[in-house]
Structures are given as C-alpha cells and as structure tokens.
Number of protein chains: 4
Amino acid sequence: MELTMTAPQLSAFLAREFPQVADDFVIEEVSEQRLTVRLKVEERHLRPGGTVSGPSIFALADVAIYLAVLARVGPKALAVTTNCAIDFMRKPAAGADLIAEARMLKLGRVLAVGDVLIRSEGVEAPVARASLTYSIPPDKA
Amino acid sequence: MELTMTAPQLSAFLAREFPQVADDFVIEEVSEQRLTVRLKVEERHLRPGGTVSGPSIFALADVAIYLAVLARVGPKALAVTTNCAIDFMRKPAAGADLIAEARMLKLGRVLAVGDVLIRSEGVEAPVARASLTYSIPPDKA
Amino acid sequence: MELTMTAPQLSAFLAREFPQVADDFVIEEVSEQRLTVRLKVEERHLRPGGTVSGPSIFALADVAIYLAVLARVGPKALAVTTNCAIDFMRKPAAGADLIAEARMLKLGRVLAVGDVLIRSEGVEAPVARASLTYSIPPDKA
Amino acid sequence: MELTMTAPQLSAFLAREFPQVADDFVIEEVSEQRLTVRLKVEERHLRPGGTVSGPSIFALADVAIYLAVLARVGPKALAVTTNCAIDFMRKPAAGADLIAEARMLKLGRVLAVGDVLIRSEGVEAPVARASLTYSIPPDKA
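On a predicted model such as this, the values are computed, not experimentally measured, just so you know. (Residues numbered from 1 in each chain as written. Chains lettered and ligands numbered in written order. Predicted model: local features only at pLDDT ≥ 70, side-chain atom pairs only at ≥ 80, totals over all residues.)

**So, the overall build of chain A**
Phase 1: Scanning chain A from terminus to terminus reveals two helices and six strands.
Phase 2: When the elements of chain A are put in sequence order from the N terminus, they spell out α-β-β-α-β-β-β-β.
Phase 3: The C-alpha radius of gyration of chain A comes to 15 Å, within 12% of the 14 Å expected for a compact globule of 141 residues.
Phase 4: Over its C-alpha atoms, taken along the principal directions, chain A stretches across nearly 50 × 25 × 25 Å.
Phase 5: Once local pairs closer than 6 in sequence are excluded, the contacts in chain A between residues at least 24 apart make up 63%. (Helix = DSSP H or I, 4+ residues; strand = E, 2+ residues; numbered from the N terminus. Rg over C-alpha atoms; globule rule 2.2 N^0.38 Å. Contact = placed C-beta atoms within 7 Å.)

**A short note on the relation of the copies chain A and chain D**
One copy of the chain maps onto the second through a rotation around an axis plus a translation along that axis.
Phase 1: Note on the copies: chain A fits chain D at an RMSD of 0.0 Å, the axial shift is 0.0 Å, and the rotation between them is 180°. Both copies are brought into coincidence by an operation consistent with a two-fold rotation axis. It is A:Ala85 whose C-alpha, among those of chain A, lies nearest the rotation axis, at 3.2 Å.
Phase 2: Residue by residue, 100% of the interface of chain A is reproduced at the interface of chain D, so both copies engage with the same surface. (Least-squares fit on C-alpha atoms with pLDDT ≥ 70 in both.)

**A short note on the relation of the copies chain C and chain D**
Phase 1: The operation relating chain C to chain D is a screw motion whose rotation component is 180°, with 0.0 Å of axial translation and a residual RMSD of 0.0 Å.
Phase 2: Mapped onto chain D, 100% of the interface residues of chain C are again interface residues, and the two copies thus contact each other with one and the same surface.

**Focus: the interface of chain C and chain D**
The figure often quoted for interface size is the accessible area lost as the parts come together.
Phase 1: Counting from both sides, the interface comprises 18 residues of chain C and, opposite them, 18 residues of chain D.
Phase 2: Elements represented by at least two residues in the side of chain C that touches chain D include exactly helix H2 (54-73) and strand E3 (80-88) of chain C.
Phase 3: Looking at the side of chain C that touches chain D element by element, the count peaks at nine residues for E3(C).
Phase 4: Grouping the constituent residues of the side of chain C that touches chain D by class yields 10 nonpolar, four polar and four charged.
Phase 5: Alignment of E3(C) against strand E3 (residues 80-88) of chain D, held across five bridges, turns out to be antiparallel. Directly across from C:Asp87, in E3(D), lies its bridge partner D:Asn83. (Nonpolar A, V, L, I, M, F, W, Y, C, P; charged D, E, K, R; others polar. Pairing = 2+ DSSP bridges.)

**As for the interface of chain A and chain D**
Phase 1: In this complex, chain A contributes 12 residues to the contact, which on the side of chain D involves 12 residues.
Phase 2: Listed by contribution, the elements that provide at least two residues to the side of chain A that touches chain D are strand E3 (80-88), strand E4 (98-107), strand E5 (111-120) and strand E6 (128-135) of chain A.
Phase 3: Here the side of chain A that touches chain D takes three residues from E6(A), the largest share from any one element.
Phase 4: Of the residues in the side of chain A that touches chain D, the class split is five nonpolar, two polar and five charged.

**Things to note about the environment of B:Asp97**
Residues and elements named next belong to chain B.
Phase 1: Residue position: Asp-97 is located in the loop between strand E3 (80-88) and strand E4 (98-107).
Phase 2: Look at Asp-97 and you get partly exposed, because 19 C-beta atoms sit within 10 Å.
Phase 3: Considered as a pair, Asp-97 and Asp-115 are 18 residues apart in the sequence and their alpha carbons are 20 Å apart.
Phase 4: Setting aside residues no more than four positions away along its own chain, Asp-97 makes contact with Arg-38, Leu-39, Lys-40, Val-41 and Glu-121. (Buried ≥ 20, exposed ≤ 12 C-beta atoms within 10 Å, placed from the backbone.)

**Looking at helix H2 (residues 54-73) of chain B**
Residues and elements named next belong to chain B.
Phase 1: Between its terminal C-alpha atoms H2 stretches 29 Å, which fits the 28 Å expected from 20 residues at 1.5 Å a residue.
Phase 2: Of all 20 residues making up H2, 18 are buried, and the element is well covered by its neighbours.
Phase 3: A positive backbone phi angle near 90° is found at Gly-74, which sits one or two residues after H2. (Expected span 1.5 Å × (residues − 1).)

**Regarding the packing of helix H2 (residues 54-73) of chain A against H2(B)**
Pairs of packed helices are described in terms of their axes, by the angle between the two and the distance that separates them.
Phase 1: Packing of H2(A) against H2(B) brings their axes to within 9 Å, and their N-to-C directions diverge by 140°. As for the relative orientation of H2(A) and H2(B), their crossing is right-handed in sense. Mapping the contact onto sequence places A:Gly54, A:Pro55, A:Phe58, A:Ala59 and A:Asp62 in H2(A) and B:Gly54, B:Pro55, B:Phe58, B:Ala59 and B:Asp62 in H2(B).
Phase 2: Here the contact of H2(A) with H2(B) is composed, by residue class, of six nonpolar, two polar and two charged. (Axes fitted to C-alpha atoms, helices over the stretch in contact; angles between N-to-C directions. Left-handed = near helix turned anticlockwise from the far one by under 90°.)

**Some thoughts on the sheet that holds strand E6 (residues 128-135) of chain D**
Phase 1: Ordered by their spatial adjacency, 12 strands build an open sheet running E1(C)-E2(C)-E4(C)-E5(C)-E6(C)-E3(C)-E3(D)-E6(D)-E5(D)-E4(D)-E2(D)-E1(D), and the pairing between neighbours is antiparallel. Two strands bound the open sheet, and with one partner strand each, they are strand E1 (25-30) of chain C together with strand E1 (25-30) of chain D. Neighbour to neighbour, the strand axes of the sheet diverge by 20° on average, direction disregarded.
Phase 2: Where E1(C) lies against strand E2 (residues 35-39) of chain C, five bridges are found, and the strand directions are antiparallel. In the sheet register, C:Val26 faces E2(C), and the bridge partner there is C:Arg38.

**Digging into the confidence of the model for chain A**
Phase 1: The predicted model of chain A has a mean per-residue pLDDT of 93, with 96% of residues at 70 or higher.
Phase 2: Scoring the predicted complex yields pTM 0.96 and, for the interface, ipTM 0.95. (pLDDT = per-residue confidence, 0-100.)

Right under this line is the structure:
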C-alpha cells in the first residue's frame, strides 16, 4: 500500500479528469495512514436551513476514497465505486467547510475498500461516516 | 401505510422546500406499492464519458425514498436520511434518463426504511440499488 | 442469468460442503426470478424472549444469495461474501420459521449482487432486508 | 458518552442475558475511546477450510457495538440492531482468535452508531469492518 502519487499530482489529476467538481475539493494531506480532503462549502451544496446536502456529503466521501485508491494504484480514471454504506449522524455546522479523513483498509487486485469520517471544520463530533468499495480496472498493457 | 399526499402535492412540496433540486426530478407514479421518480439527466449530472455521476444517482435514490415517506406521513420537511447503502451495478445508458422505483418496507414511529431500484429508461438491468433509513421528527403539537 | 442448478442439486451441494449448517435450511423454490429459502427455527437460533438472533437472520440472508449465485454459476464453494448491508425492521413472530426471498440483481464476471426480503412465515410485513455482494472466483481450467 | 459500566459488569450482564453466546466472547478493554472484544474461535465457528464463518464475524461485530452502547447507557437488554453494513476483506488466519475493536461515533436519544475493525490476533491487516446502528429503547420510569 505504498503511495505512488502526491497531493499535488492527485489535485492535477482531479482537475484534468473531473473539471466539473475539482474546484469543490482541496486535498489537504496524503500519507500512508490517512488522506484528508476539504469540501469548500458553497451555496450550491446547501439545503434550506443552511445544512450541507446529503449528495454533497456523499460526493465528499466518494472522492476521498477514490483519491486514496489512486494515491496507491496510480492515475486510473476508470476505478469505479461499486458500493457505499453511509451514516448521517449530525447536522453539519453552519458556515463551516467539511473535512473528510479517509483510510484504506484493503487494496486487492480487483477491489479496494476504505472508510471515511466527515466532520465540520473545528468540530470533533463527526457529521457522517462512510465505507466504500472501488473496483479497480485490470491493467491493459 | 395509507397515502396522504398525491403526486402533484408531492411535486408542489418539493418545488417549495427544495427549489435547488426540484427541477431535476419528475414524480411519475405514487401508489401504495410503489413510487416512481425520473431524474431528467442534464449535462450537470454527467461525468467524463457521459455517465451519470455517483452523487446524482445517490440524490435520486434519496429523493425517491424521501417522497415515499412524505406520501405517507405528510409534508414534514425535516425528515432526515440517517443511513444509505447503495450498490452501483452497471454504467447508465448514455443519453437516457434514470428511473427510480421505490418501495416502503417499514414505517415506524421514528424510523422509516425503503429500498429503490434505479434503471436507465428503457433498460431492464438495473444501474443501482439502494436502501435508506429516514428518521421521522416527532409531531410538535 | 440462466439457471444451471436445480433446488435438489443446490441442497445436495449445501449438505456436502456446509454440513454444519445445511440442516438449518430448506430450499423451497429456485427460479430465474426468485430463490426462496426457509430457516427452520430451532432453540439454538433464539435469543431471550423467543426472537430469532441477528446472526441467524444474517446467515439466512447470506445463504439465500449464495445459493442464488450458485444456481447460475454452478457449484463453486469458494464464492465469498464481500459485503452485506442489512436492515432489521421488525421482531420475528414467535414460533414461526423465517422465509427468505432472494433475487439476483447483477451477475458479473467477478462480482454478483443480490437482495433478499425475510419474513416470518405467514406474515406479510418483512422482518429484515439485506443486499449482498459475492466475489466469484475465476475459473481455473 | 461517559462510561457507566465496566468490563466485568458488561461480562456479567452478557452472561446473564445472553447465556447461549456469552462464552464465545471475552471483553478485553473498555474505555471511552475503544471497546475490545475477543471471539474465542472454536470448531463451531468454522467453515470448511478452517475459516471463521460470516455469521460468526457478524455476531462479533454486533456484540462489540452492543457492549459499547451498554457501557454508556447502562444495562438495557432491549437495545436492538436496526442496521449493519459489513465488509469482509480478508480470510481470517487459521487457528487464531478474532479481535474486534469498536468505537462509538454517535450516541443520540434514540439511535447509536458505532463502527468496528476485526482482525485475526497478531495480524495487522483487518479481516472485516462493520458499522452498526442500534435503537435505544426509551426509559420507562
């Protein structure tokens, strides 16, 4: 599970392959233990009452594990989510970004599994947790 | 589990409470057995290669069960998703809307559980399945 | 997704490969649409108060999808569960067997996905629902 | 989320309320950060080939979160699992006990959420991970 991509390389990859969403996210830390991503919360992520929408929280969890997989297997745009289980536990704090902390639990030949805790910046109690499985495309060489 | 809201009532509620996303969805059928919602797929829902994004599929699953709950308990904007398990099984067909078919499995005093199958319009094999739990706020009276 | 094993063939396979648990289950129906399995509830499946234990309900869901996979891919004892999401929705009826109704949603080259509804015999409202993913071992030939 | 029960108190509770399974488990550590439970693997937990069965791993995850909830809310036998998402990631090591490390992520008025990592004793790479939701019965007083 050694790293093969750095935070700047992952950011560049995201910007090139997923231009629609890359601006939403800032990759804050990439290490063997942990990958940290920030969702820069904007008006478009909110629901009435100022809470971040479920799909935006899902998107953050999804991108965090995706990047943790890529950091290890290299830039394979075609890795796809096959499964996600997510618990929404608390309302996000108003006016705060969301911070996702992901860890890889398994990196197999065809499947990768990771989990992620999502918090409002500056708040310890988590907003959500999620576990995701990614299917890794075979190398075509 | 009798119905207390019709499809037009649910549509009006969605437009009033969730104006940011209400235009994405068309409620096609509401019955005791089934609630059917269409995601009108637009450029903003797509990923490179023309496939519908994971967060857009999640959003469709989430709104389908939310509406199935509201159809029974009435217009309570504050029902919140507490859990979702989703399997992404096939790439959506290019250029086709997604159709979600939801059913309620449990409607308790505090928790509601439903599941949903999502297909590309005109294709039998499902794109995704999801099960969701909603927490229902107590009546304040 | 054509069937390659019948109910008696599946029962014989279960008895041979999983003798510890085969007696717990009766395969009641195998068709392309549905596989039905009964858990013959005995003292050892119960918790105080007479309710069927969570692990017993999980085991029933697991075996139902496993058999639905085998019915299609043939007798591969090594197919393994990679993921399960299960909702426990109601207390099982006292003194009643549990009936699981499974359907296959995807049968890919490496992953199979199915879901299952579990009811107390003679009761319409479901006790539990589950979705499971199985990893299918490659043919060694 | 302060603790109200110690490891010996939890063990005594388990032995009294769940005599059928209490002998399978040893509560090794209870702290605010973490609850650790051992599954003493016996013949009856195994599948052909010597691997621990899925239902046994599920039972371990379930009891670990259950005990983590009880350690905080006190001895309420009626807390029930409402949801579990579990990933089976690696084959357990032959001849080794399984060790579950659980943490509480949310302890609300009606719902508690925790997650758990399960490893073969002495092996770092996890066998399984699970997240569970428990419904907490209201106090009758």
